[in-house]
Structures are given as structure tokens and as C-alpha cells.
Amino acid sequence: MAANSGKSVLFVCLGNICRSPIAEAVFCKMATDAGVVDKWVIDSGATSDWNTGSSPDARGLACLREHGIETSHRARQVTKDDFMSFDYILCMDESNLSDLKRKANSVKNSRAKIELLGSYDPQKQLIIKDPYYGSDEDFEKVYEQCMRCCKTFLESNS
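Residues numbered from 1 in each chain as written. Predicted model: local features only at pLDDT ≥ 70, side-chain atom pairs only at ≥ 80, totals over all residues. Heavy atoms only, no water.

Counted under the stated rule, the structure contains seven aromatic pairs. Centroid distance Tyr120 to Phe153: 5.1 Å. Interplanar angle 80°. Geometry classified as edge-to-face. Highlighted residues: Tyr120 in the loop between strand 4 (113-116) and helix 5 (136-156) and Phe153 in helix 5, separated in sequence by 33 residues. For the pair Tyr120 and Phe153, one class covers both residues: buried. Arranged with centres 4.9 Å apart and planes meeting at 90°, the rings of Tyr132 and Tyr133 form a pair that is edge-to-face. The exposure class of Tyr133 is exposed, given its relative accessible area of 78%. Among the aromatic side chains, those forming a connected cluster through ring pairs are Phe11, Phe27, Trp40, Tyr88, Tyr120 and Phe153. A cation over an aromatic ring shows up here: Arg59 above the ring of Tyr132, its NZ or CZ 5.8 Å from the ring centre. (Phe/Tyr/Trp six-rings, centres within 6.5 Å; stacked < 30°, edge-to-face > 60°. Helix = DSSP H or I, 4+ residues; strand = E, 2+ residues; numbered from the N terminus. Buried < 20%, exposed > 50% of the residue type's maximum accessible area, 1.4 Å probe, protein only. Lys NZ or Arg CZ within 6 Å of the ring centre and 35° of its normal.)

This paragraph deals with the sheet that holds strand 1 (residues 7-13). In space, the four strands of this open sheet follow the order 2-1-3-4, with parallel pairing throughout. The sheet terminates laterally at strand 2 (40-46) and strand 4, the two strands that pair on one side only. Along the sheet, successive strands turn relative to each other by an average axial angle of 20°, direction set aside. Judged from the four bridges that link them, strand 1 and strand 3 (residues 88-91) form a sheet pairing that is parallel. Residue pairing for strand 3: Phe11 is matched across the bridge by Leu90. (Pairing = 2+ DSSP bridges. Axes fitted to C-alpha atoms, helices over the stretch in contact; angles between N-to-C directions.)

Attention now moves to the packing of helix 2 (residues 58-66) against helix 5. The geometry of helix 2 relative to helix 5 is characterised by a closest axis approach of 9 Å and an angle of 55° between their N-to-C directions. Compared by their axis directions, helix 2 and helix 5 come out oblique. For the pair helix 2 and helix 5, the crossing hand works out as right-handed. Counted together, Arg59, Gly60, Cys63 and Leu64 of helix 2 and Asp136, Phe139, Glu140 and Tyr143 of helix 5 form the full contact between these two elements. Looking at the contact of helix 2 with helix 5 residue by residue, the class counts come to four nonpolar, one polar and three charged. (Parallel < 35°, antiparallel > 145°, perpendicular 65-115°, else oblique. Left-handed = near helix turned anticlockwise from the far one by under 90°. Contact = heavy atoms within 4.5 Å. Nonpolar A, V, L, I, M, F, W, Y, C, P; charged D, E, K, R; others polar.)

Our focus in this paragraph is helix 4 (residues 94-105). The end-to-end C-alpha distance of helix 4, which contains twelve residues, comes to 17 Å, matching closely the 16 Å that a straight helix rising 1.5 Å per residue would cover. Looking only at helix 4, the buried set comprises Asn96, Leu97, Asp99, Leu100 and Ala104. The buried residues of helix 4 occupy an angular sector of 165° when projected down its axis, which confines them to one face. In helix 4, the exposed residues that point more than 90 degrees away from the buried face are Arg102 and Asn105. (Expected span 1.5 Å × (residues − 1). Arc of directions from axis to C-beta.)

Distances and angles like these do not, on their own, reveal function.
As C-alpha cells, then:
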């Protein structure tokens, strides 16, 4: 759960084993490199409960390692508390967005700003496609999109 001080962001995708843990790890590394990680609560989650407790996809972990980034994240499902405690919930596609908005409507004190992470992409690629059924190149594309989006998001919140 996010703390009340500083800023907070929750990255969300369907299963929390491909896109959102990559975004979380990328943003954490960027915030660390910028010297502001202590001002942020950073996490990721899933709209589904399919992979709760699982490590990220091995291809995603390999992609992150190639770029010098490690993560020990375990998949979790988004909770009602997340909508009250996080400033931003950034998701990967329209399906995530509609699921999150529907869940937020059932939370009395929802305060999170729910957006597509791709809305921060300077290349205007709004949707970050699920690489699960794809190749290593698809994970690299997710990484590159997350790098661009997270950079813009961090700059706009610094």
C-alpha cells in the first residue's frame, strides 16, 4: 500500500508478469538514477488474479537484465485500497483501463488518477501490447515503450 507522503504510482496490466513489472522496474531505476526514488512509492499489479505470487515472465526478466535492471517483484492483483492510496494508476491497454475504471467506481474514496501509461509516450504509441504470446523482440518493444513513457511521466512529476 502506498504511503501518504511523497508520490505514488502503480503500473497495471492483465497478469502482472510481463508489461507492468517491466514498467515498475524501469521507473524504479529511473527514479533511483535521478535521485528521487525515496520520494516515490512504486509498485505494479494485475487486473486478474491468474498469476498471484508468480515471478515475472522469464523473457521479461532477461530483457531487463540485458539493460542492467533487476526486479524481485511477485505478481499481485489490484485491491480496493490501491485506488485510495496511489496517486497514479498507469495501465497498458484499453481493457486494463476499463477494468480499472469499473473497479474504481466501486471504491468510495478513490483518488487515483487512472491513465494509460502510453499517454506519456512522445512517439504517441498509446497501447503497450501484451508480449506474452510473442517473442523476445516483443518484450524489447515493451521495454522501449516503458522507457519512453516512464521518462516523460517522471519528468512531468518532478
